[in-house]
Each structure stands twice: as C-alpha cells, then as structure tokens.
Amino acid sequence: MAQLFTLGEILAATGGIAEGVSGDSVCSLSIDSRELAPEALFVAIKGDRFDGHDFVGDALRNGAVAALVSREKAADLGDRLIIVPDALEGLCGLARAARARTAAKVVAVTGSAGKTTTKEAIRTVFEAAGRTHASIKSFNNQWGVPLMLARMPAETEYAVFEIGMNHAGEITPLTKLVRPHVAVITTVAAAHLEFFPSVEAIASAKAEIFAGIESGGMAVLNADHPYIGILRDAARGAGVGRVVTYGFAEGADWHIDTITTASGIMSLSCRHHARHFELQLAVAGRHMAANAVAALAVAELCGIAPEVAVKALAGFGAPEGRGMAMRLGPAENPLLLIDESYNANSASMAAALEVFAGQTAPDGHKILVLGDMLELGKQGPELHRALEQSVLSAGADKIFLVGSNMAALADALGSERVAGHGQSVDVIAESVVNGLAYGDVIMVKGSNGVRLGGLVKQIRERFQ
C-alpha cells in the first residue's frame, strides 16, 4: 500500500509524542481494531457505546503500526503509542493535514434524504474522470468525516464527502474540516424534528455546509422542496460564488424533463441551458433521477465533460440499505427484495413508496415492511399516519409494520389491511420470511435504529 503519512507528519499534525513506535510511516487509518488494513494507525476514539482505548491492545496484536491515544488514557496502554491531548482532536489534525496537502476538487453532500446515494452517484462520475477518494457507508458524523478526510491520499484528484447532522451546529465544524469547492444539498424535509422547532430550522442547519466552502466555491441545490429560498439566501449570505439548482421544478438550472422505466432501467432526459442529455440508470424513482442529475451538475462544475458523467452513471446502482434491488433465487422467477432498511423520514418514505407502487409481481405477491421513522418528536404519530395514502397507492398485498409510531399508521389503515404489527422486528420477522415465495416482491423500509437490516439478512439467507 502507498504511504499515507510519515511519523513526522503525524506528530506535526497532531502535536503528539511517539513512545516505542518503530515504524516511520503508516499506510492506513482505522478506528476499529477488527478491521485493520496493512500498516495501519489505530485511532482510539471514545464513542457513545465503546471506548477505543479498551481495544488498543487488540489493534496492536492485529498488526497496527501504532495507536493514537488520549493522554489521560495512555499510562496503562504499553508502547507503540502516539500520545495526544485528545484522540478525536488528533484525528481532526490528521484530517486538516490531508486536506491542506491536496489539490483535489472537493465536494461535500448533505440533505434530509438522499445524501449517501447522491454521494455515490458523484463518486461514480469522479472515478471515471480521475483518482477519486470518497466517504464509505454513512461515515458522516463527528468522527466519520475526519476519518474519511484523514484517509485521503495526497495524489487524489477528486473527493466527495458526506456530512450529516441531527442537531443544529453539527455541520459547521465538519464542513470547515472538509472545505469543499462544491457543496450539495439534496433536499430539506421533516427529519430529526425531535431536535428542531420546525422544518425551516432544519433548512438553516443544512445551510451550515456553506460555512466551510472555499473562496469562490459553488452550491448545488435540489429545487424540489419549499425551502429552496432559505438555502439560496444562506448561500448568498455565506459568499458562495455560484448557486446551481437541479430537479423537476420549473426554472431549475438542470431540469429533469421526463423519466420512464422499463425492464428495471430508468431513462431520463434533462436539459441544462440549451443542451439536452439522455441518461439510463439501473435504478428507479424520481428521487434517484434527481440524485443522478445532481452528479451531472457537480461534474460540470468540476470540469468533467457531461458525456463522461452520462456514461459513468449508466453503471450506477443504489447502495445497500438505500434502495438496492436484489433478485434472489431462480432467474426465471426470482424473489425481488428492495432493501431500504438504513434510513427513513417523510421524504425518503414517500419516494420509496412511489417506487414500490411501480413494481409488479405477476407471479406472486407484493409485501411491504415499514419501520418507524425515528427522531420526529411529538409530530411522530401524525407523520406516520400521514403515510396512509402513499401506502395504499403502493398496492401491497400484505403490509407489516414495526415500531411504536407505526401504531398510528396501523390505526389509519385498519386491521384488515395490516398483516402484522410489532414493537420490534423480531415480532413479525418469522411471519414475513415464512410467507415469502419466489415470484414475490418485498420492500423493507425504516430507520436504521429499527434494525430492519436483520430481516433483510434473513430473507437473503433464505432465498439467495
């Protein structure tokens, strides 16, 4: 593996002191002692559930070159240590150093829904144009962003990072680390309302991404929501050099004209000023069309020819847990599993149900499993009840619900339409799996905290 940092660079970036470290460089960074790439530096982050300092010994035995540790925890950890005042701040120091040395075009993505999928669409385009570095999974919080940034190789040409939040003020320090040339906001919707007085307040929190934008930087904004004005004003107030919009809304700079879907392929046409573009995507749904066009807009701003982006996006697919469609079993009569188990809010739920409405099961049944949309506060029951018409329009033969807030939707739908409702996925899992057959179509959608991913795993194991 290529060298990531020399020991001297690590000490300079973190203000650390090396004790018993024999290696003079590292090639990778990790915060998980079980997942270490060769010549890794293990960073002992203290999280909500675990303290990385408890796993320093495991990391060193598993091959780490050294461990970056907080001074107050260092006394009992032996040698091969880089001791810093605070391990998380030390990781942020490495992130700043990685950002300072790169000449890459850097993009940051946030939004109430579609962050990861849009980030992946942009990554797909960037990889077709040059050496690319991107956030993995949903590493988008106070430790995930600096970790992804610190892992960026010096020779990177294009980089895209995802930034998340569930409280006001959380995006600002992260975007100041990333310092994007282009900031993307995918949408603003009722997510994390437990921590915000209104959706307008959520829009203002998303607009914090402009606080770290580079001088002359650009913003790419989805125009298909009522809060676009708040985002535009915030971008101008932050001195953003250029604001570009995309979506189905009239007047969007990248306007999506039409979408059609056949045989699992979505075709869409969009126009940008006088130019028209035709895309074919191996995904479905208006929201996926918007995510792809966001990547087109970013490509243009980063100097990548639209033709390169269009060709690259033909190979783009939905990530695991965010709309990935899996055909399990015999090719002539598979079970179609749509995995939306990672996240859910009002916007993403509506988008997923719209996609599911377009699915048919000519040789089976349509089954829908919906889990709670979390962090909605007092409005939770009302927002779950409001899903009734979208659920009915989806045309499911069987509907299973999971979670306390889904009780409101169960009441709205009525017992004759709900095949099962449980406070946890374990209550309904056996009924769901045993009731499936090849030829069926099933979508599983809910917030990650509901743990529907376990149900997806059971289905895959049974029907793969």
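Residues numbered from 1 in each chain as written. Predicted model: local features only at pLDDT ≥ 70, side-chain atom pairs only at ≥ 80, totals over all residues. Heavy atoms only, no water.

The subject of this paragraph is the overall build of the protein chain. Scanning the protein chain for helices and strands turns up 16 helices and 22 strands. Scaling as 2.2 N^0.38, a compact globule of 464 residues should have a C-alpha radius of gyration of about 23 Å, and the protein chain matches this with 23 Å. Along the first, second and third principal axes, the C-alpha atoms of the protein chain reach 65 × 55 × 45 Å. A buried classification covers 54% of the 464 residues belonging to the protein chain. For the protein chain, long-range pairs separated by at least 24 residues make up 64% of all intrachain contacts whose partners lie at least 6 apart in sequence. Carbon and sulfur atoms make up 48% of the accessible area of the protein chain, which totals about 19,100 Å². Taken as two groups, the 39 positive and 50 negative side-chain charges of the protein chain have centres that lie 3 Å from each other. (Helix = DSSP H or I, 4+ residues; strand = E, 2+ residues; numbered from the N terminus. Rg over C-alpha atoms; globule rule 2.2 N^0.38 Å. Buried < 20%, exposed > 50% of the residue type's maximum accessible area, 1.4 Å probe, protein only. Contact = heavy atoms within 4.5 Å. Areas by Shrake-Rupley, 256 points an atom, 1.4 Å probe, with all protein chains shown as cover. Lys, Arg positive; Asp, Glu negative; His and termini not counted. Charge placed at Lys NZ, Arg CZ, Asp CG, Glu CD.)

An α-helical segment advances 3.6 residues per turn. Residues three or four places apart therefore align on the same side. Taken together, the buried positions of helix α6 (residues 171-178) are occupied by Ile-171, Leu-174, Thr-175, Leu-177 and Val-178. The arc enclosing the buried residues of α6, seen along the axis, measures out at 155 degrees, which places them on a common side. Close packing links the buried residues of α6 with α3 (87-101), β8 (105-110), α5 (144-150), β10 (158-162) and α7 (199-206). Backbone geometry just after α6 places Arg-179 at a positive phi near 50 degrees. (Arc of directions from axis to C-beta.)

Ordered in space as β9-β10-β8-β11-β12-β13-β14-β15-β16, the nine strands form an open sheet in which the pairing is mixed. Because the sheet does not close on itself, it has two edges, and the strands there are β9 (132-134) and β16 (275-281). Across this sheet, the average inter-strand angle for adjacent strands is 20 degrees, counted without regard to direction. Pairing analysis gives two bridges linking strand β13 (residues 242-247) to strand β14 (residues 254-262), with the strands arranged parallel. (Pairing = 2+ DSSP bridges. Axes fitted to C-alpha atoms, helices over the stretch in contact; angles between N-to-C directions.)

Another point: helix α10 (residues 306-313). Those residues of α10 that fall on the buried side of the exposure criterion are Pro-306, Ala-309, Val-310, Ala-312 and Leu-313. Looking down the long axis of α10, one finds its buried residues gathered within 165 degrees of arc, a one-sided arrangement.

Here the phi dihedral of Glu-375 falls at roughly 60 degrees; this positive angle occurs in a residue that is not glycine. Structurally, Glu-375 is set in the loop between β19 (366-371) and α12 (380-385). On the basis of relative accessibility, which here comes to 26%, the residue Glu-375 falls in the partly exposed class.

Take the sheet that holds strand β4 (residues 28-30) next. The strands making up a sheet associate through hydrogen bonds between their backbones, and the pairing can be parallel or antiparallel. Ordered in space as β2-β7-β6-β5-β4, the five strands form an open sheet in which the pairing is mixed. Since the sheet does not close on itself, it has two edges, and those belong to β2 (17-19) and β4, each with one partner. Adjacent strand axes in the sheet meet at a mean angle of 25 degrees when their direction is disregarded. Looking at chain direction, β4 and strand β5 (residues 40-43) are connected through three bridges and run parallel. In the strand pairing of β5, Ser-28 is matched with Ala-40. Running over the sheet, helix α1 (residues 7-14) touches β2, β5, β6 (66-70) and β7 (81-84) and is turned about 20 degrees from β7.

Core analysis: the biggest nonpolar cluster contains 84 residues, and Leu-41, Ile-82, Phe-210, Leu-370, Val-391 and Leu-401 have the highest contact counts within it. Every residue in contact with Leu-41, bar those within four places of it in the chain, is listed here: Ile-10, Val-26, Ser-28, Leu-29, Ser-30, Ala-66, Ala-67, Leu-68, Ile-82 and Leu-94. By size, the runner-up hydrophobic cluster in this structure holds 44 residues, among which are Val-182, Met-218, Val-220 and Ala-318. (Core = buried A, V, L, I, M, F, W, Y, C linked by side-chain atoms within 4.5 Å.)

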